[in-house]
Amino acid sequence: MKKIILLLLVLSNPIYSQVKGTVTDTNGNPLSFVNIYLKDTYTSTTSNDLGRFEINIKTPGTYIVLFQYLGYKTEKVIVTIEKTPVNIDIQLKEEDFQLTEIVVSKKDNPAIAIIKNAIANRKENSAKTAKYKCDFYSRGIFKVKDLPKKFMGQEITEFDDVIDSTRSGILYLSETVSKIIFQKPDKLNETIIASKVSGNNRGVSFNTASQANFDFYENYLDFETKVILPIADNAFNYYKFVFESSFYDENNQQINKIKVTPKRENEPAMEGYIYIVEDSWAIYATDLTIKGSQIQNPVINSLQIKQNFSYNSTTKIWVKNTQTLDFNAGIFGFKFNGRFTHGYSNFEFPDNFEKKTFSREILKFEENATKKDDAFWATIRPVPLTDEEANDYVKKEKLRIKKTSQVYLDSIDKKNNKFKLLSPIMGYSHSNTFKKWSVRYDGPLMKTSFNTVQGFNANTGIYFNKRDEEKNTFSSTGARLTYGFAEDKIRVVASHTQKFNNTNKATLTVLGGSSVSQFNQNQPISDLVNAVSSLFFKNNFMKLYEKNFVSANFSREIMNGLNFTFGAEYAERKPLYNTTDYSSIKSDDLYSSNNPLLPNDFLNHPFQKNNLVKINSNATIKFGQSYYTRPDGKYNRDNGKYPTINLGYEKTIAATNKDYEYDLVTAKISDEFSIGNKGNLQVNLMVGKFFNAENIAFTDFKHFNGNQTRVSHGMSYLNEFNLLPYYSSSTNDRYLETHLEHNDRGYLMNKLPLLKKLQSQLVLGFHNLAIPDRIPYREFTVGLDNLGFGKIKFLRIDYIRSYQKGFQGDGVIFGIKVLEMFRN
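**Q** Whenever I open this one, the overall build of the chain confuses me. Can you help?
**A** Helix and strand content of the chain: eight helices and 43 strands. For the chain, the spread of C-alpha atoms along the three principal axes comes to 95 × 70 × 55 Å. Taken across its 824 residues, the chain has 50% of its residues classed as buried. Relative to all contacts within the chain whose residues are 6 or more apart in sequence, the contacts with residues 24 or more apart total 60%. Per element, the accessible surface of the chain, about 40,500 Å² overall, is 55% carbon and sulfur. For the chain, the centre of its 105 positive side-chain charges and the centre of its 89 negative side-chain charges are spaced 2 Å apart.

Okay, structure coming up:
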């Protein structure tokens, strides 16, 4: 029956006649990425790596097929389409370029005038394609080459089924076909009508039109670092231009080939060629490359973008119809390369769109878009698969069927579930992959730390996890046990987390037990940093109290851009005291007490034992948030035009001491501003006000994220003060925090002799804290980010000066990015 349905599907599409064949040069070598289109239409395709191509034509008739390839003469073939495919094997000849005389001075360089005209007409040419509808095709492929057999002593076996004897092969292959409606600069409505991923039956590809929108009529391309484009307004500040040659296309229009070269090695400017049409000064094609070091991404070796435009003599518009993005990357001996192929066809250019054409939903999937069969893809795929790609689909589908069978999954689990000699201290996991559950035991070896209250303390935990990958939901139930050797006490916290769906992200977390907590609930001091600071420098910065509690937190998205969190907690809070004076160094110095207000008071504590109920609610508003709707849920994308606002309310009730009951209202505004190619400015403003809080417990004060260790703990620099003592400014009144930080993304550092070799980023910061009855505390910072060795960038260094009643002090902070993994 299935074969009959497949046959009927093929026979029901006789109007789709194909023009197909192979494009080679005069030596018979295949030419890839040839721009192939029907004259004066927007029906187009491109050739694959083997030079093969296909064009599906719906209406019988006579057509002129044009073959356009950079460096070669454009060829045209007249074909008559009936009901049977037309085969064309064509050879392209090299272009007879008209070379100019040798340029002896900048004044005589014709490229200058051409680029100036292209810049002057940039907005006009861009406006011609400001509104359009079209069909979009994307194919993405990642490959690995010479994959190492081992990494850090561990054998790499995960890819053995997909790589060949040279340890090379395809790691990822996917395709999408969609219909898009676009209006510059950024309004998009994309509907995925077909999507597939090799070896994945869910078939949700991440190839989308928004990710492929490289518009060379803009001033910049955004690869985190803003890349200046060859006909940007400020292009002459970054590029050298040389006119190499010109030729005439099939419409007898002169095409100028301009070589572009960055003026400075490490700046974000591309190298290669841009082709400009004489008189109209439109873009005919691009062939441009940028190095990873130029976009502050050392893992990437290079990115190459090629684009071809076709001309319609009826509309007199040049439109981009093919594009490829090639990349190669590598780190730790791993070498990757890949290509994204994009095709645009069947353009329409309406004068206006209906009001409801664009919404916050910028992408959605048609029903069964991920379930299309091979027959459907054979009729709609504009770029034929190479043999390697076709074989990859077949091979990985067989592997998928095998690897999702219970027999196979049970055999893998049996191997991985073996209990080893060091499992009791290193940890252990036991999985039933077929039934989608696992049990994880965290061993104490990597979870052991030190503080003066507990002494050395070991943490172990056991968790049961169940995950539904198709719906992207999960549940997790477990318990964590902590034993403090110096105080000889065990504490246990049990927890359960349930994510109900991946549309509104509804999630419930329930916790209960006994724990040791920092006074600052943000936990600004990590266990690792505190242990090193205590054991090797006799510093005692972490201040702790005991909390015996039960709590519940629920969060979900109420509507697009509005997220709500509600929490309730009943807790008994007890003061704690130092129980050990142990240190790894010989020193007569004493640890400070566990009293955050009086470091030399070892008998008293800033609060008395108390019980209370704490209720809090928070709303996060992201104005202009757009989103994707996929079969496995909703995926949000921030809109860079508007700030994010967080509003919070906290209330305590049923306290054993009524003085401990209070209300707290908070607000936070965060935003990021792009300053062209000069970097980004980030802003974080936080304000809060307590009510009826004159005598509340010190545990409930607002504590600010200070730092006395000279090591950054991995939290956002926009949420902390670099030299502020941890509890010197805690308040139960009102407060205002201001954090500003500008990262030049290499704009200045790329221009400074010697320093430019660091490929670093200059970071300037300002931090201000205002509370009642005190002069504001301020910090001014200057630092270098993206430091490291070779491709390993793990370090940031900042110099800070602090002021309060005049100059307070200065210091250097080392930000080690890998410390984030060691946080609690």
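**Q** Quick question: what am I supposed to make of the packing of aromatic side chains here?
**A** We describe a pair of aromatic rings using the distance from one ring centre to the other and the angle between the two ring planes. In the structure shown here, the tally under the stated rule is 46 aromatic pairs. A cation sits over an aromatic face here: Lys-505 above Tyr-635, 5.8 Å from the ring centre. Here Lys-634 stacks its cationic end above the ring of Tyr-627, 4.5 Å away from the centre of that ring.

**Q** What is the right way to look at the environment of Lys-793 in this model?
**A** Topologically, Lys-793 is positioned in strand S42 (residues 792–803). Each C-alpha atom, one on Lys-793 and one on Thr-482, is 34 Å from the other, the two residues being 311 residues apart in sequence. Those residues within four positions of Lys-793 in sequence are excluded, and the remaining contacts are Pro-298, Leu-758, Asn-786, Leu-787, Gly-788 and Lys-817.

**Q** I keep staring at the nonpolar core and nothing clicks. Help me out?
**A** Generally speaking, soluble globular proteins have nonpolar side chains that are buried together. Counting residues in hydrophobic clusters, the biggest one holds 48 residues, and the most contacted among them are Phe-216, Tyr-239, Ile-258, Met-270 and Tyr-284. Once residues within four sequence positions are removed from consideration, Met-270 is found in contact with Phe-216, Val-227, Ile-228, Leu-229, Tyr-239, Val-260, Pro-262, Leu-288, Thr-289, Ile-290 and Ile-305. Grouped together as the second largest cluster of nonpolar side chains are 22 residues, Phe-607, Tyr-660, Leu-664 and Ile-696 included.

**Q** Can you help me understand the side chain of Asp-744 in this one?
**A** Within the fold, Asp-744 resides in the loop between strand S39 (734–743) and strand S40 (761–770). Summary of buried charges: Asp-744 has no salt-bridge partner, and the nearest side chain of opposite charge, Arg-745, is 7.3 Å away. At 2.7 Å, the side chain of Asp-744 forms a polar contact with the backbone nitrogen of Leu-748. Of note is the side chain of Asp-744, whose polar atom sits 2.7 Å from the backbone nitrogen of Leu-762. The contacts of Asp-744, once residues within four sequence positions are left out, are Asn-677, Lys-678, Gly-679, Met-749, Gln-761 and Leu-762.

**Q** In this structure, what is going on with unusual backbone geometry? I would like to understand it.
**A** It is generally the case that most residues other than glycine have a negative phi and that most peptide bonds are trans. Between Lys-184 and the following residue, Pro-185, the backbone shows a cis peptide bond with an omega angle of 10°. Tracing the backbone through its elements, the reader meets Pro-185 in the loop between strand S11 (169–183) and strand S12 (187–197). You will see that Phe-332, though not glycine, has its phi angle at about 55°, which is positive. Considering the arrangement of structural elements, one finds Phe-332 in the loop between strand S20 (317–331) and strand S21 (334–348). A positive phi is found at Asn-692, a non-glycine position, where the angle reads about 55°. With respect to the helices and strands, the residue Asn-692 is situated in the loop between strand S37 (680–691) and strand S38 (711–712).

**Q** Whenever I open this one, the sheet that holds strand S2 (residues 35–38) confuses me. Can you help?
**A** Strand pairing in a sheet relies on backbone hydrogen bonds, with the paired strands running either antiparallel or parallel. The strand order across the open sheet built from four strands is S3-S2-S5-S6, with neighbouring strands paired in antiparallel fashion. This sheet does not close on itself; its edge strands, each paired only once, are strand S3 (44–46) and strand S6 (75–81). Taken pair by pair, the neighbouring strands of this sheet meet at an average axis angle of 20°, ignoring direction. Alignment of strand S5 (residues 61–68) against S6, held across seven bridges, turns out to be antiparallel. Along S6, the bridge assignment pairs Gly-61 with Ile-81.

**Q** Is there a simple way to explain the pairing of strand S35 (residues 644–653) in this structure?
**A** A regular strand carries its side chains on alternate faces of the sheet. In terms of strand pairing, strand S32 (residues 610–622) meets S35 through 10 bridges, oriented antiparallel. Bridge pairing links Ala-619 to Leu-647 in S35. The pairing of S35 with strand S36 (residues 663–674) spans eight bridges and is classified as antiparallel. In the strand pairing of S36, Gly-648 is matched with Thr-666.

Calculation criteria
- Residues numbered from 1 in each chain as written.
- Predicted model: local features only at pLDDT ≥ 70, side-chain atom pairs only at ≥ 80, totals over all residues.
- Heavy atoms only, no water.
- Helix = DSSP H or I, 4+ residues; strand = E, 2+ residues; numbered from the N terminus.
- Buried < 20%, exposed > 50% of the residue type's maximum accessible area, 1.4 Å probe, protein only.
- Contact = heavy atoms within 4.5 Å.
- Areas by Shrake-Rupley, 256 points an atom, 1.4 Å probe, with all protein chains shown as cover.
- Lys, Arg positive; Asp, Glu negative; His and termini not counted.
- Charge placed at Lys NZ, Arg CZ, Asp CG, Glu CD.
- Phe/Tyr/Trp six-rings, centres within 6.5 Å; stacked < 30°, edge-to-face > 60°.
- Lys NZ or Arg CZ within 6 Å of the ring centre and 35° of its normal.
- Core = buried A, V, L, I, M, F, W, Y, C linked by side-chain atoms within 4.5 Å.
- Salt bridge = Lys/Arg side-chain N within 4 Å of Asp/Glu carboxyl O.
- Polar contact = N/O pair within 3.5 Å; in protein donor to acceptor, adjacent residues only side chain to side chain.
- Pairing = 2+ DSSP bridges.
- Axes fitted to C-alpha atoms, helices over the stretch in contact; angles between N-to-C directions.

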